[in-house]
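Summary of the model geometry
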Amino acid sequence: MATAAAGEPPPFWRTNLSHKAWIKQDGAPSDAMAMVQDRAGMLWFGASDGLFRFDGVRFERLDDIAGNKLLSPNVRSLALSGDALWVGYSHGGISVFEHGAARHYGEAEGVPPSAILQIAQSGDGTRWFSSPAGIYRLDGERWRRLSPADGVPPGDQPTFNVLRDGGLLVTQVDGLYRQIPGTHRFRRVDGFGSMQPSQLLSDGRVRVFRFGMQPRIFDPGTETSAPLSLPDVGVMPYSVHRDRRGAWWIGPGDGMRLYTPDFALKKLLPAPNGFSARRVFTGPFDDREGNLWFMTENGVDRIRETRLSVQDMPTGSTDFSITAGADGEVWINSHSSLHALSPPTFAIAADGRRIDSAMESATAGALAADGTLWFGNVHALWRRRDGAVRRWPLPPALIQQPMQALAIGGDGRLWVSIMRRGVHTFTDGVWQAGGGHAELAGRDATALHTDPSGRLWLGYAGNAMAMLEHGKIRRFGAADGLAVGNVLAMFSRRGTLWVGGDQGLARFHNGRFVALDDGAGRPFTGVSGIVQTAAGDLWLHGLDGLVRIGAADLAAATRADGKGGRVAAERFDHLDGHEGVPAQVLPLETLVEAGDGRLWYATSSSVGLIDPRRIVRNPVAPTPLITALTTDTRRYRASAGLGLPRHTHNLRIDFTAAVLSVPERARFRTRLVGQDHGWRDAGALRQAFYTNLGPGDYRFEVMAANEDGLWSAAPASLAFHIAPAFYQTFWFKLACGALLAAGAYLLHRRRLASLTARAVERMRAQLEERERIARTLHDTFLQSVQGLILRFHGIKHALPKDDAAQSRIDAALDAADAVLDEGRDQLLDLRVHHACRDDLAPALAAAGDAACAERGVAFSLQERGARRALRADAQDELYAIAKEAIANALHHSGSATLAAELAYGAAAFTLTIRDQGKGFGLAPGDAPVPRGGRHWGLTGMRERAARIGGALRLRSAPGAGATVEVSLPAALAYR
């Protein structure tokens, strides 16, 4: 198998070992014989039932790699060289998988049809493999077997190791053969050989093991070997291996046993409960995170250090409490035991020595400022000072009930809380109920604490507390912000009092209690131990284990405004070696800080410690890996440029990362570029689901973090494309847009035609009405006037020529002729409808010149902007308005000049008629056209302007002339 991870050997196992086994039911390989770890941290196993990949959570059996099939599911050996995975099979053949391609070696390339036991590369770059047929090296494109001419005689199942100098050491039954530097030849260096694989140790020596014989250690430096003296395990062991930490692992056929470098027994892992199999043949494998792996006939086993170091306790003892001593030691008491009597109180010194005592096991303890230790139980109270112990039996009224809590008051008195007996003080053998305060005597306190200011704090069940300061008692409850439930622990440092209970954690701030919750807004529950270290970190001991709140996070959460807050917390639970449950009734001293800064904790079943200054962290950032993409109809292997068919709306993306130490705490975050606006927290879930996706290009990215929150340096990504359906293509959308535009254009044309038809109809109706009026005038009014004139002519001829009435009749006839002429003019105007057959400008110029010439008035026409064709109805009405305005000016203004202006604007068309005459009185500035009265010409112009959607404005002042202006929106004016 492959050698262990490179680097400096780590120290011997320092804390407790956590063991976990995976067997067939967990998806693990059976009887695995090879193991390697790739650059992404993934573990690969070769076994008789296949090739497996493991990320710490799930074993994945692979029949192909990047689409390249294995030659056989029976894998015997593995090796890694860069990104190339070498696979050797049990029945011959070698495959090399690299960057999506595969190369296979078989009998045609010199590979024998027998098991490939090992594959390796020596320091000079030569590839080697071992098989029952011999040792082979790759010579160009073919494999060549070592022969006696190369210095290696024939032998059964030879194996090899790559030494530190890069050379090969071959192990055969008849001895060891070492490669001659610079050549591919070998020489015999030792006569002790074996058919079992030798193991290269971390110090560069080689352990040679042979069934039925004492193992030996071969030193390549001196090329000598020496026997290895093993501890007596009662039988001949099946395996003897040494890990990188210097520990010896010996398998006598009933599991595994861990020994120190000098063969002192450290731990037993009996099978089947403590180990997955009875026999272990292959050596352990060290991964890059410091975990140790064993392959067994039943599965795979992992050994790792825990962050909490559980201490060995007296057999049968349970329900522990702890008290910090004056010299860095920690005193341990057991409240109950399987035996009739609990073991006596004892201490563990800072250097690990055990300090025995004759003191009974206590249920409460306290350390005074002068180093005096106080302990108590159901029978007595005793003091330990300078190694001397003095004991006082409890008064008859106080015995037979457990001592709940002890505290040294600011005045030096010892305060004692006894269950169901209340609170008392003890001074020089004298007991005083409530310390002289009757209201403190009747109720026992669940916790006692004296803060640096000398104030005595008493915690009670039912979310209640009391404080004794300068002889005065103040009580606290829910009205004061207290919401911790039953008070279980108190601690003060840096001027802050912390209170823990079965329902929460709070601090005392400006006379009130303020709650502190975790980052998710949940309260810290079951807090029966609190310590704030010199570095400012706050540690809690709760139902789920230890909790650490960093000093910076704590400072941010405990704001000066006194409001509660949330705080990020790091947890140390069963995954870190925590066992049992901290006491919730008694004994309640479950977390203390020793004089050397280490934290000790006690539970119902264990006592352990952690050094806050030396917490072991995982420095290896995980490398995320995307494994597959699954749609509603098919599963796709993750590959660059993946194309998905049209109508793909829903998909699932599987991903992972090798977090091998504590995979339960691995965290992921994902995003789908093209869909998500930012990263999404996936938690521990190793799948991402997307629905209602449309066609287009996407890129899925995933980041991973290990148990210590160390995130991967770069995300893993998978780009894919969803093909559009025909109705989702650009051309289809363009065609739809064109059809919509065409439809809109046709609707516009239809609307325009409708409006034009309506306008024509209105004009036809107007013309018909004018023709009717003209016919009526011609057939009635004008004929009647003509008849009257003829009658007057008859009367005139009937009178004598010298009659005085002749002159009057002539005057009347002249007037009648004038009326008739005016009627004919009006009739002509009705019939021609003031039609403007040409553009407005030349027609208006001609009409204006003709009208002004009769009166001797100078007429001018000016155009502003590029001339544009006007709508026919608008042009006719504007022409009629202009003629009316010119006629009015000629008849009434007395002006010597008359000017017309046509302005072709982008937003509007404007017609202006301006004179310099006498004007008439209107308010200054623009004034509306007057309505009604006798101003029929102005009223007509206004009505004409309104018919075509325009507006008529009149500006005039006495002596300043007059201006008539018609403004028409461009949409109504131009064609």
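Scroll up a little and you will see the structure.
What this report covers is the structure whose coordinates are included nearby. Owing to the predicted nature of the structure, the values given are computational and were not obtained by experimental measurement.

**Description of the overall build of the protein chain**
A tally of regular secondary structure across the protein chain gives eight helices and 73 strands. The C-alpha atoms of the protein chain give 54 Å as radius of gyration, which overshoots the globular expectation for 975 residues (30 Å, by more than 25%). Burial statistics for the protein chain: of 975 residues in total, 50% are counted as buried. When contacts within the protein chain are restricted to residue pairs at least 6 apart in sequence, those whose partners lie at least 24 apart make up 53%. Carbon and sulfur atoms form 52% of the exposed surface of the protein chain, whose accessible area is close to 45400 Å².

**With respect to the environment of Leu448**
Relative to the assigned elements, Leu448 resides in strand β44 (residues 447-450). By relative accessible area, Leu448 is classed as buried at 11%. It is 64 Å that separates the C-alpha atoms of Leu448 and Ser639, two residues lying 191 residues apart in sequence. Leaving out residues up to four positions away in the same chain, Leu448 has contacts with Ala405, Leu406, Ala407, Trp415, Val416, Ser417, Trp457, Leu458 and Met490.

**Considerations on helix α5 (residues 840-855)**
Each turn of an α-helix holds 3.6 residues, which means side chains three or four residues apart point in the same direction. End to end, α5 covers 23 Å across 16 residues, agreeing with the expected 22 Å (1.5 Å per residue, within 8%). The complete set of buried residues in α5 reads Leu840, Ala841, Ala843, Leu844, Ala847, Gly848 and Cys852. Down the axis of α5, the smallest arc covering the buried residues is 160°, so these residues share one side. With respect to the buried face of α5, the exposed residues turned more than 90 degrees away are Ala853 and Glu854. Residue Gly856 follows α5 closely and has a positive phi angle near 70°.

**Some remarks on the pairing of strand β16 (residues 159-162)**
Bridge count for β16 against strand β17 (residues 168-172) is four bridges, and the pairing is antiparallel. By the bridge assignment for β17, Val162 is matched with Leu168. Between β16 and β17, which pair antiparallel and follow one another directly, the connecting turn spans five residues, one of which, Gly166, has a positive phi of 90°.

**Topic: the packing of α5 against helix α6 (residues 872-892)**
α6 packs onto α5 with a crossing angle of 20° between their chain directions and a minimal axis gap of 10 Å. Relative to α6, α5 is oriented roughly parallel. Seen along the crossing, α5 lies across α6 with a hand that is right-handed. The residues of α6 that touch α5, namely those facing Leu840, Ala843, Leu844, Ala847, Gly848, Ala851, Cys852 and Arg855, are Gln875, Leu878, Tyr879, Ala882, Ile886, Leu890 and His891. Here the contact of α5 with α6 is built from residues that sort into 11 nonpolar, three polar and one charged.

**Regarding α6**
Taking 1.5 Å per residue, 21 residues should reach 30 Å; α6 reaches 30 Å between its end C-alpha atoms and fits that length. Positive phi shows up at Gly894, right after α6, with a value of about 70°.

**Overview of the sheet that holds strand β2 (residues 34-37)**
The pairing of strands in a sheet happens through backbone hydrogen bonds and is either parallel or antiparallel. Strand order in the open sheet formed by four strands is β2-β3-β4-β5, with antiparallel pairing between adjacent strands. With one partner strand each, in any of the chains shown, β2 and β5 (59-62) form the two edges of the open sheet. Sheet twist, expressed as the average angle between the axes of neighbouring strands with direction ignored, equals 25°.

**Quick notes on a nonpolar patch on the surface**
Together, Phe211, Tyr238 and Phe281 give the surface a local cluster of nonpolar side chains, amounting to about 280 Å² of exposed area. Assignment of secondary structure puts Phe211 in the loop between β21 (206-208) and β22 (216-219). Relative accessible area serves as the criterion here: at 39%, Phe211 is assigned to the partly exposed category.

**Quick word on the side chain of Glu701**
Structurally, the position occupied by Glu701 is in strand β67 (residues 696-705). Under the relative-accessibility criterion, Glu701 is labelled buried at 7%. Within the local environment of Glu701, its side chain forms a polar contact with the side chain of Arg699, the two groups lying 2.9 Å apart. Contact partners of Glu701, with chain neighbours within four places excluded, come to Arg669, Thr670, Arg671, Val673, Trp679, Pro715, Ala716 and Ser717.

**Brief notes about the sheet that holds strand β42 (residues 422-427)**
Overall, antiparallel pairing links the four strands, which are arranged β40-β41-β42-β43 in an open sheet. Edge positions in the open sheet fall to β40 (403-408) and β43 (430-433), since each of these has one partner strand only. Taking each pair of neighbouring strands and ignoring which way they run, the sheet shows an average axis angle of 25°. Bridging between strand β41 (residues 414-418) and β42 involves five bridges; their strand directions are antiparallel.

**Digging into unusual backbone geometry**
Between Ala271 and Pro272 the backbone carries a cis peptide bond, its omega angle lying at 5°. Here Pro272 lies in the loop between β27 (265-270) and β28 (285-286). Even without being a glycine, Asp319 presents a positive backbone phi close to 50°. Along the polypeptide, Asp319 turns up in strand β32 (residues 317-324).

**A closer look at the environment of Glu707**
With respect to the element layout, Glu707 can be found in the loop between β67 and β68 (716-722). Leave out the neighbours within four places in its chain, and Glu707 touches Arg307, Asn618, Val659, Ser661, Val662 and Arg665.

**Side note on the side chain of His424**
Inspection of the secondary structure puts His424 in strand β42. Within polar-contact distance, the side chain of His424 engages the backbone oxygen of Arg421 at 2.8 Å. For His424, the residues in contact, after removing those within four places along its chain, are Leu398, Leu414, Trp415, Val416, Trp431, Gln432, Ala433 and Gly434.

**What about the packing of aromatic side chains?**
Under the definition given, this model contains 38 aromatic pairs. Relative to Phe426, the ring of Trp392 lies with its centre 5.2 Å away and its plane at 65°, an arrangement referred to as edge-to-face. You can see Trp392 sitting in strand β39 (residues 388-393) and its partner Phe426 sitting in strand β42, a full 34 residues away along the chain. Given a relative accessible area of 12%, Trp392 falls into the buried group. Where Trp457 meets Phe513, the ring centres are 6.3 Å apart and the plane angle is 80°; that geometry is what we call edge-to-face. A residue pair is termed long-range when its members are at least 10 positions apart, and Trp457 in strand β45 (residues 456-460) and Phe513 in strand β51 (residues 512-518) qualify at 56 residues. The class for Phe513 is buried, based on a relative accessible area of 3%. Counting every residue linked through ring pairs, the aromatic cluster contains Trp22, Phe45, Phe54, Phe59 and Trp293. The ring of Trp13 has Arg245 sitting right over it, with the charged end atom 4.0 Å from the ring centre. A cation over a ring is seen here: Arg354 above Phe346, with NZ or CZ 3.8 Å from the ring centre.

**Quick word on the pattern of salt bridges**
For the structure shown, the criterion picks out 47 salt bridges. Note that Asp150 is salt-bridged to Arg144, the shortest N-O span being 3.3 Å. What makes Arg144 partly exposed here is its relative accessible area of 31%. Ionic pairing is found between Glu360 and Arg391, a salt bridge with its closest N-O pair at 2.8 Å. One end of the pair, Glu360, is in the loop between β35 (354-355) and β36 (364-367); the other, Arg391, is in strand β39, with 31 residues separating them in the sequence. Bridged by salt links that share partners, the residues Arg307, Asp537, Arg548, Glu570, Arg617 and Asp708 form one connected network.

Rules used in this analysis
- Along every chain, residues carry numbers that run from 1 in the direction the sequence is written.
- Local features are withheld for residues below a pLDDT of 70 in this predicted model, meaning they are given only at 70 or higher, and side-chain atom pairs are given and counted only at 80 or more; totals for whole chains, interfaces and linings count all residues.
- Here the side-chain values reflect all heavy atoms present in the structure, with hydrogen atoms and water set aside.
- By the criteria applied, helices consist of DSSP H or I runs no shorter than four residues and strands consist of E runs no shorter than two, each listed in order from the N terminus.
- A radius of gyration in this sense is built from C-alpha atoms; the matching globule rule multiplies 2.2 Å by the number of residues raised to 0.38.
- Type-normalised accessible area, obtained with a 1.4 Å probe on protein chains alone, sets the label of each residue: buried when under 20%, exposed when over 50%, and partly exposed for intermediate values.
- For this analysis, residues touch if any pair of their heavy atoms sits within 4.5 Å.
- Only the protein chains shown count as cover for residues, with accessible areas throughout obtained via the Shrake-Rupley method and a probe of 1.4 Å.
- Residue count minus one, scaled by 1.5 Å, sets the expected span of a helix.
- To obtain the arc, one takes the directions from the helix axis to the C-beta atoms.
- Two strands qualify as a pair provided that DSSP identifies no fewer than 2 bridges between them.
- Axes here mean lines fitted to C-alpha atoms, for a helix over just the part in contact, with angles spanning 0 to 180 degrees between N-to-C directions.
- Note on terminology: angles under 35 degrees are roughly parallel, angles over 145 are roughly antiparallel, angles of 65 to 115 are roughly perpendicular, and the others are oblique.
- Should the near helix be turned anticlockwise from the far one by less than a right angle, the crossing is termed left-handed; should it be turned clockwise, right-handed.
- Amino acid classes used here: Ala, Val, Leu, Ile, Met, Phe, Trp, Tyr, Cys and Pro are nonpolar; Asp, Glu, Lys and Arg are charged; the rest, including Gly, are polar.
- In this analysis, a patch consists of residues with relative accessible area above 30% that form no salt bridge, clustered at 9 Å for like charges and at 5 Å for the nonpolar side chains Val, Leu, Ile, Met, Phe, Trp and Tyr.
- Salt bridge, as used here: a side-chain nitrogen of Lys or Arg that lies within 4 Å of a carboxyl oxygen of Asp or Glu.
- Any pair of N or O atoms that falls within 3.5 Å is considered a polar contact. Within protein, one atom must be able to donate a hydrogen and the other to accept it, and sequence-neighbouring residues count only if both atoms are side-chain atoms.
- When two rings of Phe, Tyr or Trp (its six-membered ring) have centres within 6.5 Å they constitute a pair, described as stacked for plane angles under 30 degrees, edge-to-face for angles over 60, and tilted for the intermediate range.
- Cation placement over rings: the criterion is NZ of Lys or CZ of Arg within 6 Å of the ring centroid and within 35° of the ring normal.

The values are spatial; any link to function lies outside them.
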